[in-house]
Amino acid sequence: MTRLKKLLLSLTVLAAFGMGSSQAATPDNTFVMAKDIADIITMDPAEVFELTTGEIIANIYDRIMMFEPEDLQTLVGGVAESWEVSNKGSTITFKIRPGLKFHSGNPVRAEDVAWSLQRVVKLNKTPAFIITQFGWTAENVDELVKATDDSHVRITIAEEFSPGLVLNAMSAGVASVIDKELVMSHEKDGDLGYDWLKSNSAGSGAFSLKTWKANEIVTLDANANYRHGAPGMKRVILRHVSEPSSQRLLLEKADIDMARNLTPDQVKGVMGNSDISIDGHPKGTIVYMAANAGHPILGKTEVVQAIRNLVDYESMANSFLAGQFVVHQAFWPAGLWGALEETPYRQDVAKAKSLLQAAGHGDGFELTIHTLTNSPFPEIAQALQANLAQGGIKVNIVTLEGKTLWPKYRAREHDIILARWSPDYVDPHSNADAFAHNPDNRLEAKLTGVLAWRNAWADESSNMLAVKARNELDLNKRRDQYLELQAMLQKTGPFVIMFQQNEQVARRKNLQGFVSGSNFDLVFYRNVTKQ
Amino acid sequence: MALQSKLTSILGVLTSLLLTFIGLTAITFVIGRMMPADPVLAIVGDRASQEVYDQVYLQLGLDKPVYIQYLRYLEQLVEGDLGTSIMTAQPVLDDIIRFFPATLELATIATLLGIFVGIPMGVLAAVHQGRWPDHIVRVISLIGYSAPIFWLGMVALLIFYANLGWVAGPGRLDVYYDGIVEPTTGILMIDAAMSGEWDIFHNALSHLVLPATILGTFALAYIARMTRSFMLDQLNQEYILTARVKGMPEHKVIWGHAFRNVLVQLITIIGLTYASLLEGSVLTETVFSWPGIGQYITNSLFNNDMNAVLGGTIVVGACFVGINMLSDLLYRLVDPRIRK
C-alpha cells in the first residue's frame, strides 16, 4: 500500500471512529508533570538561578553538601563523605565519597569537586556571589579551593564567615559537582564548557538530562547506579503547560501525574475528585512590600509602621490566597532554622491613623504600588489599595512584567514595590544579606542585588548585627542573633513582609513520594513511585 | 526588449523585497530597544550584582548606539546568522525551525477549514439573503468573530477532550511519543507518515483537531462574511439577471458566473487570513500548549530577546511576502484580464 493510501485510510478510520483521545494513563515507570517551564534559560549549575531549573539541577547533580529528601532539616554530606573545620573556621577539608561515578561513567574525583567551584568563580555568573562572598576571585580561587590529593578538597575562606554558613552554601546549586573530563571535552575558546553545559548535563545525581526543548518539554532519565539506589521512576517528564486550566484538565484525564501551577479556584475544583490528592508544601518564598526610603514620606519609620498596621493579612490569607499563602512577617521563612515565626501585626486602623498623625500625614497622601502582572500580585495590590485607603492613603497600582519591573526597582524608581523573594540557599544569611545589610547606601555604590540598597535604606545597627550573625561560630548564639535581626526589621525596616508561600501540588493518588522542601531547589523526584 | 522589461521587473521586485525586510527589521529593532524591558535582566536575573549586569551589558553590545547595534545585526544576518536566543539558549534559526512548523500545521488546517466550510456558507447566505440559511450563517460568523478564542478553546477542551474523550488534550503529541520520530519537516503528521509511525500520526492528528478547529472558526467566520458580501454584490449585477432570463440553471449562475467573479477578491481575503494565522495565535497556542511561533515571539518580546523577536519578524514578513506573491500568481490563473 502506498504511503498516500495509508494516510487516507488513517484519516478515514479516524473520522469513522472519532478522533480518539490519548492513552488513559501515564506509563507506570514514567512520572509526568505539567508545569510552566518558560523560565528555563540554562542548565549550567554555574548560571542556574531560575525556579524550575533550580529543582531540575538538584535532581541531576549531587552537591558537596546536601539536604536529602529523607530528612530536609539536616545538612549532610552529598559528594562529601565527611568534612573537617580547622584554623578557627577558615579552612574546611572535605573527604570525597569513594566509588562515586558520574553519568558518563567517569569517577567523581576531588579534582572534579575543586574544579566545579573554581569554574563558578571564573565564569562569574549571577549565582556566583554565593561563593565569591568568601573572598574567592578568579585570580585566587585555584589556590583557595584545592584538591589536596585524590580524595580531599580543601577550601580556605578569605573573609570572616561562620563555617556553618559556608557548609550551608556548599548545598547551593553552585556547589553542584560537575564531570570535568566530559565538560572540558566540549570546551570552546576557553569557555570552560559553558556553551555546551547550557543544554546538557554532566552530573552524578539521581537523573540525567535527556532532552530540553525550550517552552516544550524536559525529559530526565534515571541513573540506575545512583548512590542511594535507582530512582523509583525510569523517566521524569516536565511538560510545559502554561495555562493552569489546561493543567487541571490533563490531570483529571490522567494524561499527567501532577499539576504544579493550579490556582486556588482550580485546587478547590479538583478537591472533589477521588483520584486526585492535594499536597501542601511550605516554601521559602515570601511576599513583601518594600517602601523606598528615599521617598519624602515613605522614608519615615512611622509611616511604614502605619502601613504594617493597615494591612489586613488574615483576610487575604483566608480569601483569595487560601491554601497557597500563609501569614508570615519576618524576612526568613518559617520552618527554617533561625526563623522568627511571630506575627505581631494585625489590621489596626486606629493605631495606623495615630502613627500617620504623628508623622505629620494625618490627612493622608498618595503613592504608587508597582507589582508583577501574574497572580496573586494584582489581587494582593487591590486588597492593599482598599486597606491603605482606610488610613487615608490613596494607592495607584501599576502592574508590570518582571523584566520591566526589576529595572525600576534596581534604579530606586519606585514608591512601593510588591514582590516576592526566595532564599538563594538554606542559611538565614542569604536573606539577611539582602534585607538587612546595606554597607554603602550611596546611589553610585549600585549594590543592586541588595534589597535594602534598592530601597535606599541603611541602618548601622542592622548592618552590624547582620555581619555579627554571619561570622558567629556558636550556632545557638547565631540563631539568637538572626531572631533579633528579624525582630528589629519588623519594626524599623522599609519592608512589610506579609506572606509565605505554601505550594499546592495536585497529583494522581497512585503517585507517591514527591518531595518539595522549603527552598526552590529542594525538590526531589527520586523517591517517586506509582502504585 | 521583452527580456529587459522582465529583468527590470524582477529587479524592482527584489529591491522592494530588500527594502521591505530592512524596514521591517529596523522598525522592530528600534521598537525593541525603546521598550522598558531589560534584556540584560532577562539573562542575569533580577538578583544579579552590578558587576555581573555590566559584564553582560557589554557582551550584548548595548553600550553602542542603536544604529551600530542594528548594523551589527544586519552584518550577522547577511552571514546567515540570526543570533542566539536569550530565552532558549539556542540559535534563533534552530528555534524557528522547531516552532514555525507547529504554527504552519495549525494555520494551514485552520485556513483550509475556513475555505472549505466558510466559502460555501457565504455563498449559501448570499443566495438566501434574509432567509434562515443567511441568519444561521450570520450567527455562526458572529460566534467566530466575537467569542473570545481563549474561552472557546477551554470550552472545547472541556467538552471534546475532558468529557467526551474524542480528541487528545493540550500539546502537539502525547509525551510518550516525544522524540521517536526524527523531525524532517517539523510537521509532525507528515514526519510520522514519512516514517511509517501511524500511531504517532494518529496521535498528532488527534492533538491537532481541536486547536485547528478553534482557530478555523475565526478564519471561517471572516471568509464566510466576506464571501457573502462579495457574492451579494455580484448577484445584483445585470449579467446575472441576463443569465437567469436566458434560462441558465441556477447552480451555473451562482458558481459559474457570480462566484468566478469574486474569486480574485476571495484570494486576497484568504491570503490575508492565512498570513495572519501564520503570525501565530498566541491565545490558541497558550490554551492548547502549542509550541508555535506566536508564543515564541510574544515571550521573546516580553523579555526583550531581540534576536528571537527579529528572527520571528523576518519569518512572519517572509510569510506575508510569500503569500502576496502566491496571490498574485493565483490572480493570473483565475482572471484572464490579468493574464493579458
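Residues numbered from 1 in each chain as written. Chains lettered and ligands numbered in written order. Predicted model: local features only at pLDDT ≥ 70, side-chain atom pairs only at ≥ 80, totals over all residues. Heavy atoms only, no water.

Trainee: How would you sum up the overall build of chain B? Please name residues and give values.
Mentor: In terms of regular secondary structure, chain B is built from 15 helices and zero strands. Its C-alpha atoms put chain B at 85 × 65 × 40 Å along the principal axes. Out of the 340 residues in chain B, the part that is buried amounts to 49%. Considering only contacts within chain B whose residues lie at least 6 apart along the sequence, 70% involve residues at least 24 apart. Per element, the accessible surface of chain B, about 16,300 Å² overall, is 68% carbon and sulfur. Separation between the mean location of the 19 positive side-chain charges and that of the 26 negative ones in chain B comes to 19 Å. (Helix = DSSP H or I, 4+ residues; strand = E, 2+ residues; numbered from the N terminus. Buried < 20%, exposed > 50% of the residue type's maximum accessible area, 1.4 Å probe, protein only. Contact = heavy atoms within 4.5 Å. Areas by Shrake-Rupley, 256 points an atom, 1.4 Å probe, with all protein chains shown as cover. Lys, Arg positive; Asp, Glu negative; His and termini not counted. Charge placed at Lys NZ, Arg CZ, Asp CG, Glu CD.)

Trainee: How would you sum up the pairing of strand E14 (residues 365-372) of chain A? Please name residues and give values.
Mentor: Residues and elements named next belong to chain A. Counting buried positions along E14 yields seven of eight residues, so the element is predominantly enclosed. Bridge analysis of E14 against strand E15 (residues 393-400) gives eight bridges, and the strand direction is parallel. Following the sheet pairing, His370 is matched in E15 by Val398. One crossover worth recording links E14 to the parallel E15 by way of helix H14 (residues 377-389), and it is right-handed. Note that E14 and strand E16 (residues 416-421) share three bridges and pair parallel. Directly across from His370, in E16, lies its bridge partner Ile417. (Pairing = 2+ DSSP bridges. Right-handed = clockwise from strand over helix to strand, strands pointing away.)

Trainee: Give a description of the domain arrangement of chain B that names residues and reports values.
Mentor: Residue and element names in this part refer to chain B. Each assigned domain of chain B is listed with its residue range as follows: domain 1 (2-78) and domain 2 (94-339). Inter-centroid distance (C-alpha atoms) of domain 1 to domain 2 is 31 Å. Contacts between the two partners involve 15 residues from domain 1 and, on the opposite side, 14 residues from domain 2. Between domain 1 and domain 2, the buried area comes to about 1,300 Å², and carbon and sulfur atoms account for 77% of it. Considering only the side of domain 1, the residues that lose the most area to domain 2 are Phe21, Thr28 and Tyr73, jointly responsible for 33% of the buried surface there. On inspection of domain 1 and its partner domain 2, the count reaches zero residue pairs in polar contact (both at pLDDT 80 or more). Contributing elements (two or more residues each) for the side of domain 1 that touches domain 2: helix H1 (2-34), helix H2 (39-44) and helix H4 (66-78). Looking at the side of domain 1 that touches domain 2 element by element, the count peaks at eight residues for H1. Its residues assigned to classes, the side of domain 1 that touches domain 2 shows 10 nonpolar, three polar and two charged. (Domains from an automatic or database assignment. Buried area = accessible area lost by both parts, 1.4 Å probe. Polar contact = N/O pair within 3.5 Å; in protein donor to acceptor, adjacent residues only side chain to side chain. Nonpolar A, V, L, I, M, F, W, Y, C, P; charged D, E, K, R; others polar.)

Trainee: Please set out the nonpolar core residue by residue, giving values where relevant.
Mentor: Residues and elements named next belong to chain A. Counting 89 residues, the largest nonpolar core has Tyr288, Met289, Ile307, Leu418, Phe435, Met498 and Phe499 as the members making the most contacts within it. Setting aside residues up to four positions removed in sequence, Met498 forms contacts with Val287, Tyr288, Met289, Val311, Tyr313, Val326, Val327, His328, Ile380, Leu384 and Leu418. Within the second largest apolar cluster, 79 residues are counted, among which are Ala46, Ala80, Val523 and Tyr525. (Core = buried A, V, L, I, M, F, W, Y, C linked by side-chain atoms within 4.5 Å.)

Trainee: Please give an account of the pattern of salt bridges that cites residues and values.
Mentor: Residues and elements named next belong to chain A. Per the counting criterion, the structure on display carries 33 salt bridges over all chains. Taking the shortest distance from any N to any O, the salt bridge between Glu81 and Lys95 comes out at 3.0 Å. Of this pair, Glu81 sits in strand E4 (residues 80-86) while Lys95 sits in strand E5 (residues 91-96); the two residues are 14 residues apart in sequence, bridging distant segments of the chain. Taking relative accessible area as the criterion, Glu81 reaches 37% and is therefore assigned partly exposed. Measuring nitrogen to oxygen at the nearest pair gives 3.4 Å for the salt bridge that ties Glu143 to Lys146. (Salt bridge = Lys/Arg side-chain N within 4 Å of Asp/Glu carboxyl O.)

Trainee: Could you give an account of the packing of aromatic side chains, with specific residues and numbers?
Mentor: Under the criterion given, the structure shown has 20 aromatic pairs over all chains. Taking 6.3 Å as the distance between ring centres and 65 degrees as the angle between the ring planes, the aromatic pair formed by Phe207 of chain A and Tyr525 of chain A counts as edge-to-face. Here Tyr525 of chain A lies in the loop between strand E20 (523-524) and strand E21 (529-530) and Phe207 of chain A lies in strand E8 (residues 207-213), a separation of 318 residues in the sequence. Accessibility classification places Phe207 of chain A together with Tyr525 of chain A in one group, the buried group. Through a chain of ring-to-ring contacts, three or more aromatic side chains come together here, namely Tyr288, Phe331, Trp421, Phe435 and Phe495 of chain A. The lysine or arginine in question, Lys125 of chain A, covers the ring of Tyr194 of chain A, its NZ or CZ lying 4.4 Å from the ring centre. Positioned above the aromatic ring of Trp421 of chain A, the side-chain terminus of Arg47 of chain B is 3.7 Å from the ring centre. (Phe/Tyr/Trp six-rings, centres within 6.5 Å; stacked < 30°, edge-to-face > 60°. Lys NZ or Arg CZ within 6 Å of the ring centre and 35° of its normal.)

Trainee: I'd love a proper account of the sheet that holds E4 of chain A, names of residues and values included.
Mentor: Residue and element names in this part refer to chain A. Here four strands make up an open sheet; going across it, the order is E4-E5-E7-E6 and the pairing antiparallel. Looking at strand neighbours, the two that pair on one side only are E4 and strand E6 (145-149), the edges of this open sheet. Taking the axes of each pair of neighbouring strands and ignoring which way they run, one obtains an average angle of 25 degrees across the sheet. Here E5 pairs with strand E7 (residues 152-156) via five bridges, running antiparallel. Within E7, the position partnered with Thr93 by the bridge is Arg154. Strands in contact with helix H3 (residues 110-123) are E5, E6 and E7; relative to E6, the strand with the most contacts, it is inclined by about 170 degrees. (Axes fitted to C-alpha atoms, helices over the stretch in contact; angles between N-to-C directions.)

Trainee: Before we move on, could you go through the packing of H1 of chain B against helix H14 (residues 306-334) of chain B and cite the residues and values that matter?
Mentor: Residues and elements named next belong to chain B. Interaxial distance between H1 and H14 falls to 10 Å at its minimum, and their mutual angle equals 145 degrees. Handedness of the crossing formed by H1 with H14: right-handed. Together, Leu17, Phe21, Leu24, Thr25, Thr28, Phe29, Gly32 and Arg33 of H1 and Met306, Val309, Leu310, Thr313, Ile314, Gly317, Ala318 and Val321 of H14 make up the contact between the two elements. In terms of residue class, the contact of H1 with H14 is built from 10 nonpolar, five polar and one charged. (Left-handed = near helix turned anticlockwise from the far one by under 90°.)

Trainee: I'd like a rundown of the interface of chain A and chain B, residues and numbers included.
Mentor: With 59 residues of chain A at the contact, the number on the chain B side is 57 residues. Together, the buried faces of chain A and chain B total about 5,100 Å²; carbon and sulfur atoms form 56% of this surface. Summed over the three residues of chain A that lose the most area to chain B, namely Ile41, Leu249 and Lys403 of chain A, the buried surface amounts to 13% of that side. The interface formed by chain A and chain B includes four salt bridges. Salt-bridge contacts for Lys213 of chain A lead to Asp178 of chain B; the nearest nitrogen and oxygen are separated by 2.9 Å. At the surface where chain A touches chain B, the tally comes to 15 residue pairs in polar contact (both at pLDDT 80 or more). Elements represented by at least two residues in the side of chain A that touches chain B include exactly helix H1 (3-16), E8, strand E10 (235-240), helix H9 (244-252) and helix H15 (402-410) of chain A. Of the residues assigned to the side of chain A that touches chain B, the class counts are 23 nonpolar, 19 polar and 17 charged.

Trainee: Could you give an account of the confidence of the model for chain A, with specific residues and numbers?
Mentor: When pLDDT drops low, the exact placement of atoms in the prediction is not to be read closely. Confidence along chain A averages 92 in pLDDT terms, with 95% of residues attaining 70 or more. Below pLDDT 50 for its whole length, residues 11-18 of chain A participates in five contacts with residues either more than four positions away or in separate chains. (pLDDT = per-residue confidence, 0-100.)

Trainee: How would you explain helix H9 (residues 198-235) of chain B if you had to name every residue and give the values?
Mentor: An α-helical turn contains 3.6 residues, so any two residues separated by three or four positions project in the same direction. Residues and elements named next belong to chain B. Here H9 is 38 residues long, yet its end C-alpha atoms lie only 47 Å apart, well below the 56 Å a rise of 1.5 Å per residue gives. When the local axis directions of H9 are compared, the greatest deviation, roughly 30 degrees, occurs at Val209, which is followed within four positions by the proline Pro211. By the criterion of burial, H9 is predominantly enclosed, with 27 of the 38 residues buried. (Expected span 1.5 Å × (residues − 1). Bend = angle between axes of the 7 residues up to and from the residue.)

Trainee: Lay out the domain arrangement of chain A in plain terms, naming residues and giving numbers.
Mentor: Residues and elements named next belong to chain A. In terms of domain boundaries, chain A breaks down into domain 1 (2-40 + 201-281 + 505-530), domain 2 (51-197) and domain 3 (282-503). Summarising the inter-unit geometry, the C-alpha centres of domain 1 and domain 3 are found 36 Å apart. Facing the 16 residues of domain 1 at the interface are 14 residues of domain 3. Of the roughly 1,100 Å² buried at the junction of domain 1 and domain 3 (both faces included), carbon and sulfur atoms supply 43%. The interface formed by domain 1 and domain 3 includes one salt bridge. In this structure, the salt-bridge partner of Glu503 is Arg260, at a minimum N-O distance of 3.1 Å. For the pair domain 1 and domain 3, the interface holds 10 residue pairs in polar contact (both at pLDDT 80 or more). For the side of domain 1 that touches domain 3, the leading source of residues is strand E12 (residues 276-291), giving three residues. Among the residues making up the side of domain 1 that touches domain 3, the classes are represented as seven nonpolar, seven polar and two charged.

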